[in-house]
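# Summary of structural features
Here is what each chain is made of, one letter per residue.
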Amino acid sequence: MTADDLLIADLTSDLARASLALARRFFAGGTMWCVSPDWPFHSHHVAVEFVHPVIMGKRALPAVAVPADEDLVAMLRTTARTGDIVVAVAPAGDEAVAAAMRRGDAWGVETVWIGAGPRPPAGAAKHVLWLPTDDPLQASEQFVRMYHLLWELTHVCFEHQGLLKSDDCLDDVCITCSDEGRPAEVLAVEGDEALVRTAEGRERVDTSVIDTPHPGDLLLVHAGSAITNLDAA
Amino acid sequence: MSPEASDFLYPFIEREETDSVSLLADLATSAQGKWAQSTRLRVDTLTALGFQIRTAATAMAERFNAGGQLFAFGNGGSSTDALEFARVLTRPPWGTPVPARSLAVDQAVLTAIANDVGFEIVFSRQLIAYARPGDIAVGFSTSGNSDNLMAAFAEARKRGMLTIGLAGYDGGRMGASDDVAHCLTVRSDSVHRIQEAQAAVAHALWDALQTELRQEGAA
């Protein structure tokens, strides 16, 4: 195997895992939000691929291109529901995309980040599908290949419905299954309480053991209490 | 899971249903095959179309140098290819920016024309409004058969525009039409693989255009 073959082998096994995760979310009724602030043609291409498949007879899946000029976090915080998917095609330096991705666990959404060049930090998204190239045109061509394959493999997964119902974690470390506290995003603060968004929906949590948080902060909550502010200065 | 009467006919289903590891391995193998297929089609297409791409780029450079602008269009995924091509032309990673835009992005114009007349003239109607004889029309289609592209090419030809089409399969109606002066056809019968190779053709066209623009500039 050449170095290129090894990179492609890694990429395709990442694509396989992401596709199964997508199929499970779609199967359970999730919607896919497609974002690409710098390259709107990619978000629109991903969305139309899933909504209106090129192969007759394949089911139309709910995928939405988020307009490039939207405030990503503000829109997705309100519109994306638990069980949804956020797919981004964006460089690692895109701060709006990074901010949306790191809220994935608090919102209860599956996150997929497609890009090229320097990688985002580890854990920036649940699925990081990354190309080694720094050539912007080559990257753009290969992004199309990647989301075409994502679509094709997702539909292959639909032929294995027994595996779609399974909710076994595909990840080595799963924050939702662990006991260290659930991630939550602060929507509003009222005295020693905060209204937060978690994977379970909207909740009111006690904030008396942490410094007063701000809307947009990410907290860890445990048994009705905020125990850590991940965004504390 | 309750046993079904027909289970004995399909003993393998039960095993597959619980074994995501083997499914993931199959998916990865299938993706690797398709990735390699796409890479081969890209190379074969650029080799086969090399001369046509350079010829089309020369004609484009003449138009741009004379003050022409480019209109790109397509339907569905191809509309996003048109938008990407227009973006590369106007905001290139290097080289000379040239005026270009997609006719598939203004939802007010698209829905007005489609609602009042019909979707088959959404691009041709815009060319009537915007285009001048020295301009360039570039249409993207995987089938090569879209009605609204054929209408746009006919209108463009009538108005003295340079016409370039990116098609798939055997070129379809675009490949056979005199209205499409340069038809760049990706010989494949998979819509996805065609689109992937068309992205490479569009980039090669842009690259060849940059070479032409530099030579013109030096002359």
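Scope of this entry: the structure provided in the associated data block. (Residues numbered from 1 in each chain as written. Chains lettered and ligands numbered in written order. Predicted model: local features only at pLDDT ≥ 70, side-chain atom pairs only at ≥ 80, totals over all residues. Heavy atoms only, no water.)

The next thing to look at is the packing of helix α1 (residues 3-27) of chain A against helix α2 (residues 20-65) of chain B. Following both chains from N to C, one finds α1 of chain A and α2 of chain B inclined at 125°, their axes separated by 8 Å at the closest point. By the angle class used here, α1 of chain A and α2 of chain B are oblique. The crossing of α1 of chain A and α2 of chain B is right-handed. Contact with α1 of chain A, carried on its side by I8, A9, L11, T12, S13, A16, R17, L20 and R24 of chain A, involves S20, L23, L24, L27, A28, A31, Q32 and W35 of chain B of α2 of chain B and no other residues of that element. By residue class, the composition of the contact of α1 of chain A with α2 of chain B is 11 nonpolar, four polar and two charged. (Axes fitted to C-alpha atoms, helices over the stretch in contact; angles between N-to-C directions. Helix = DSSP H or I, 4+ residues; strand = E, 2+ residues; numbered from the N terminus. Parallel < 35°, antiparallel > 145°, perpendicular 65-115°, else oblique. Left-handed = near helix turned anticlockwise from the far one by under 90°. Contact = heavy atoms within 4.5 Å. Nonpolar A, V, L, I, M, F, W, Y, C, P; charged D, E, K, R; others polar.)

This part is about the interface of chain A and chain B. With 38 residues of chain A at the interface, the matching set in chain B holds 35 residues. A buried area of about 3200 Å², summed over both sides, lies between chain A and chain B, and 69% of it is on carbon and sulfur atoms. Contact with chain B buries area across many residues of chain A, yet F41, E141 and R145 of chain A alone supply 23% of it, more than any other trio. The tally of links from chain A across to chain B stands at three salt bridges. The residue E152 of chain A makes a salt bridge to K34 of chain B at a minimum N-O spacing of 2.6 Å. (Buried area = accessible area lost by both parts, 1.4 Å probe. Salt bridge = Lys/Arg side-chain N within 4 Å of Asp/Glu carboxyl O.)

Time to look at the sheet that holds strand β3 (residues 136-140) of chain B. All names here are of chain B. Pairing is parallel in the open sheet, where five strands are placed in the order β2-β1-β3-β4-β5. The outermost strands of the open sheet, each flanked by one partner alone, are β2 (100-102) and β5 (182-186). With strand direction ignored, the average angle separating the axes of adjacent strands in the sheet is 15°. Here three bridges tie strand β1 (residues 70-74) to β2, and the two strands are oriented parallel to one another. (Pairing = 2+ DSSP bridges.)

Under the counting rule described, the total for this entry stands at eight aromatic pairs over all chains. In this arrangement the basic side chain of R145 of chain A is found over the ring face of W35 of chain B, its NZ or CZ atom lying 4.8 Å from the centre. A cation over an aromatic ring shows up here: R101 of chain B above the ring of Y130 of chain B, its NZ or CZ 4.2 Å from the ring centre. (Phe/Tyr/Trp six-rings, centres within 6.5 Å; stacked < 30°, edge-to-face > 60°. Lys NZ or Arg CZ within 6 Å of the ring centre and 35° of its normal.)

Turning next to the nonpolar core. Membership of the largest hydrophobic core comes to 43 residues, with the highest contact counts inside it found for M32, F50, I114, L129, F143 and M146 of chain A. Aside from chain neighbours lying at most four places away, what touches M146 of chain A is L11, L15, I114, L129, W130 and L131 of chain A together with W35 of chain B. L49, A56, V88 and L162 of chain B belong to the second largest nonpolar core, which has 36 residues in total. (Core = buried A, V, L, I, M, F, W, Y, C linked by side-chain atoms within 4.5 Å. Buried < 20%, exposed > 50% of the residue type's maximum accessible area, 1.4 Å probe, protein only.)

With that settled, consider the sheet that holds strand β3 (residues 85-89) of chain A. Residues and elements named next belong to chain A. One open sheet holds the five strands; their spatial order is β2-β1-β3-β4-β5, and the pairing between them is parallel. The sheet terminates laterally at β2 (63-65) and β5 (127-131), the two strands that pair on one side only. If you compare each strand with its neighbour and ignore which way they point, the axes differ by 15° on average. The pairing of β3 with strand β4 (residues 110-116) spans five bridges and is parallel. Of the residues in β4, the one forming a bridge with V86 is T111. Here helix α3 (residues 72-79) sits on the sheet in contact with β1 (32-35) and β3, set at roughly 175° to β1.

All right, on to the pattern of salt bridges then. Residues and elements named next belong to chain A. Following the criterion strictly, the structure yields 16 salt bridges over all chains and no others. Ionic pairing is found between E159 and K58, a salt bridge with its closest N-O pair at 3.7 Å. Highlighted residues: E159 in the loop between α6 (136-157) and α7 (161-165) and K58 in the loop between α2 (40-51) and β2, separated in sequence by 101 residues. What makes E159 exposed here is its relative accessible area of 56%. Relative accessible area serves as the criterion here: at 31%, K58 is assigned to the partly exposed category.

Because an α-helix packs 3.6 residues into every turn, residues spaced three or four apart end up facing the same way. Residue and element names in this part refer to chain A. Taking 1.5 Å per residue as the helical rise, α2 with its 12 residues ought to reach 16 Å, and the 17 Å between its terminal C-alpha atoms agrees with that figure. Counting buried positions along α2 yields nine of 12 residues, so the element is predominantly enclosed. P40, F41, H42, S43, H45, V46, A47, E49 and F50 are the residues of α2 that are buried. (Expected span 1.5 Å × (residues − 1).)

Here we come to the environment of A106 of chain A. Residue and element names in this part refer to chain A. Tracing the sequence through the fold places A106 in helix α5 (residues 104-107). When its relative accessible area of 0% is taken as the criterion, A106 is described as buried. In the structure, A106 is positioned 76 residues away from R182 in sequence and 7.5 Å away in space, judged by C-alpha atoms. The contact partners of A106, leaving out residues within four places of it in the chain, are P183, A184, E185, R197, T198, A199 and L218.

Using the criterion set out here, one finds three cavities of 30 Å³ or more in the structure. Contributing to the lining of the largest cavity are 14 residues, with V144 of chain A together with T80, D81, E84 and A199 of chain B lying nearest its centre. Of all the elements in the fold, those that place two or more residues in the lining of the largest cavity are α2 and α6 of chain A together with α3 (77-90) and α8 (191-218) of chain B. When the residues that make up the lining of the largest cavity are grouped by side-chain class, the tally is six nonpolar, five polar and three charged. Computed from the structure, the second largest cavity encloses a volume of approximately 40 Å³. E141 and R145 of chain A together with S38, R42, E196 and A197 of chain B together form the lining of the second largest cavity. The residue makeup of the lining of the second largest cavity, split by class, is one nonpolar, one polar and four charged. (1 Å grid on protein atoms, 1.4 Å probe; cavity = no way out; pocket = protein on both sides within 12 Å on 5 of 7 lines; lining within 4 Å. Points joined across faces, edges and corners; volume = space filled by probe spheres on them.)

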